[in-house]
Amino acid sequence: MEITEEALNNERLQAAARLKAFMMKNSTKTNLNLYDHLLRLLTKVMDERPENAVDVIEDMSRELKGSILQEKQDTLRDSPSSSAALLLAEQQKALFTRAAGDEGDHEEDLVESPLPNVAELAFFFEQAGVGLGREEMHRVFLALKQLVDSQCLLRCRFWGKIFGTHSNYLVAEGEYREGEGEEEEGTETHEDEEREEEPREDKDETELVEAADPPPKSTYKPPPPVPKEENHIGVNKYTYFVCHEPGMPWVRLPLVTPAQITVARQIRRFFTGRLDAPVVSYPPFPGNEANYLRAQIARISAGTHVSPLGFYQFGEDEGEDDGLRDSYEENPNFEGIHVNEMAESLNLWVHHVQHILTQGRCVWVNVTKKSADDVDEDAEDEERGEESDEPEPEVGPPLLTPLSEDAKINDTLPWCAMISSNLIPQFSIAVLRSNLWPGSYAYASGRKFGNIYIGWGMKYIGEAYTPTILPPPQNEYPSGPEITEALDPSVEEEQALKAALEEQTAALEETEDLEEDEEEDD
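Residues numbered from 1 in each chain as written. Predicted model: local features only at pLDDT ≥ 70, side-chain atom pairs only at ≥ 80, totals over all residues. Heavy atoms only, no water.

Counting residues in hydrophobic clusters, the biggest one holds 31 residues, and the most contacted among them are Trp159, Ile162, Tyr169, Leu253, Leu293 and Ile297. Looking at this core, the elements that each hand over two or more residues are β1 (153-162), β2 (169-176), β3 (239-243), α10 (258-264) and α11 (289-304). Looking at this core, the element that brings in the most residues is α11, giving eight residues. (Core = buried A, V, L, I, M, F, W, Y, C linked by side-chain atoms within 4.5 Å. Buried < 20%, exposed > 50% of the residue type's maximum accessible area, 1.4 Å probe, protein only. Helix = DSSP H or I, 4+ residues; strand = E, 2+ residues; numbered from the N terminus.)

Structure (structure tokens):
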């Protein structure tokens, strides 16, 4: 019996199919099959084309099998989650990288640098039991170095830390060089113009209603707005930057206005940690949380930033009164005060930040002063003898005022002074704690001193907080004869009115008849 060529081909195809089916069987250990593995291996050899393929085929097979198994295992393992600590560590990793020019720094360069000595500040406050810990303070120092490198700051220091319900604020106080860091103004004028133009769309419809029944006009005149102090002056003398954690980008806070400081004194609110969060309060706060944070920083700085007596002095060339001085200079002849004396007497501590007046400014300004146009309009009133009552200028305590003159709040002393340690008095420091702003501390040791604030940004008021009462409702429309509702007349009054009207009509008819008779006679 002869075997045909077609039968041989069919037999070869069946043998190849059986061989492929055998190679397609999955392994009981790795869930792989030989056919797919050889196909991937040959594809890898053709792509890479190694010189000695027969020598490295075993290694390539092992690597290929390992990569496939790793992918299979990844599907069974829990995917690693990026925790908040890991993300923060990645952001703070940039703080520890050395810049290109840092290797050649000398001690002379460090003295002239605007960077503060945060390590020294942390060391002294650590003796008083205050601070953020050595590790965090070191990261704060690196973050301040990053801020100084990105901003043209003349001076920079670590102001403190303010807690929030969601996240905290690290605050840095900086001072720009003259002519730098000026804020762009006039951003609010466009919004005000749009708000004024919005009601003009329905002006034609409302004119018809007002012509028929004009609404009452309010006689209330809002007080003139108090202008804010410019850069490098008063409450805006320094510029403040905040960030949530070291390594995160610094955000510059806006300038503070007198209206924001005035309202901040009347409300109490915790910070959320979001600068764009609205401040819902009464009286309404003019701004968001960034403005409220800036107002609280200004209040805390004005009330708690102190220094030893004699460390600062006024310049000799200034001929102004002490109450009008707004600048001072460091005393090169200051030798320091003994620690025990600093802890016993508050007269040896002074305020070196200007006091914020009730107006919300450090320098009082007369907002009732009229311009030249207003003076011409009111010239007639002045001729009649009507003199406007100008307010008296407000004057606060001058710079470098001792702390002993600070007022109490409900018999609570504003300050508490103490020594860091009685065991080793030769190494102790004088520590000052504010009772009005819990979280504010100061230290003094020889010729060195420092201030820091770590708290919630809330002032001690000595009693339960009572929100501001709403104003009384506006008076009703003024009563007049044209709108006053008349009383119903009695029967006798109706009859008398009817008789009077009949007499009046009869008299009119008689006069008309007489006029007609005279015309006929003519």
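Right, let's get into the packing of aromatic side chains. The full count for this structure, using the stated rule, is 15 aromatic pairs. Taking the centre distance of 4.8 Å and the plane angle of 75° together, the rings of Phe311 and Phe449 count as edge-to-face. Note that Phe311 is positioned in the loop between β5 (306-308) and β6 (312-313) and Phe449 in strand β12 (residues 448-455), a separation of 138 residues in sequence. Take Phe311: its relative accessible area is 7%, and that puts it in the buried class. Among the aromatic residues, those joined into a cluster by ring pairs are Phe311, Tyr312, Tyr328, Phe334 and Phe449. (Phe/Tyr/Trp six-rings, centres within 6.5 Å; stacked < 30°, edge-to-face > 60°.)

Before going further, it helps to examine the UniProt feature "coiled-coil region" (unreviewed entry) in the protein chain. This chain's UniProt record puts "coiled-coil region" (unreviewed entry) on residues 491-521. The span residues 491-521 is 100% helix and 0% strand, and its two end C-alpha atoms sit 46 Å from each other. (UniProt positions renumbered as here; feature names shortened; annotations may be inferred.)

Glancing now at the pattern of salt bridges. In total, this model carries 10 salt bridges according to the counting rule given. We note a salt bridge from Asp59 to Arg62, for which the minimum N-O separation is 3.0 Å. Separated by three residues within a single helix, Asp59 and Arg62 lie in helix α3 (residues 53-76), roughly one turn from each other. For Asp59, a relative accessible area of 39% translates into the label partly exposed. Given the relative accessible area of 55%, Arg62 is considered exposed. The partner of Asp149 in a salt bridge is Lys145, with the nearest N and O atoms 3.6 Å apart. Of this pair, Asp149 and Lys145 both sit in helix α7 (residues 134-150), four residues apart, which is roughly one turn of the helix. (Salt bridge = Lys/Arg side-chain N within 4 Å of Asp/Glu carboxyl O.)

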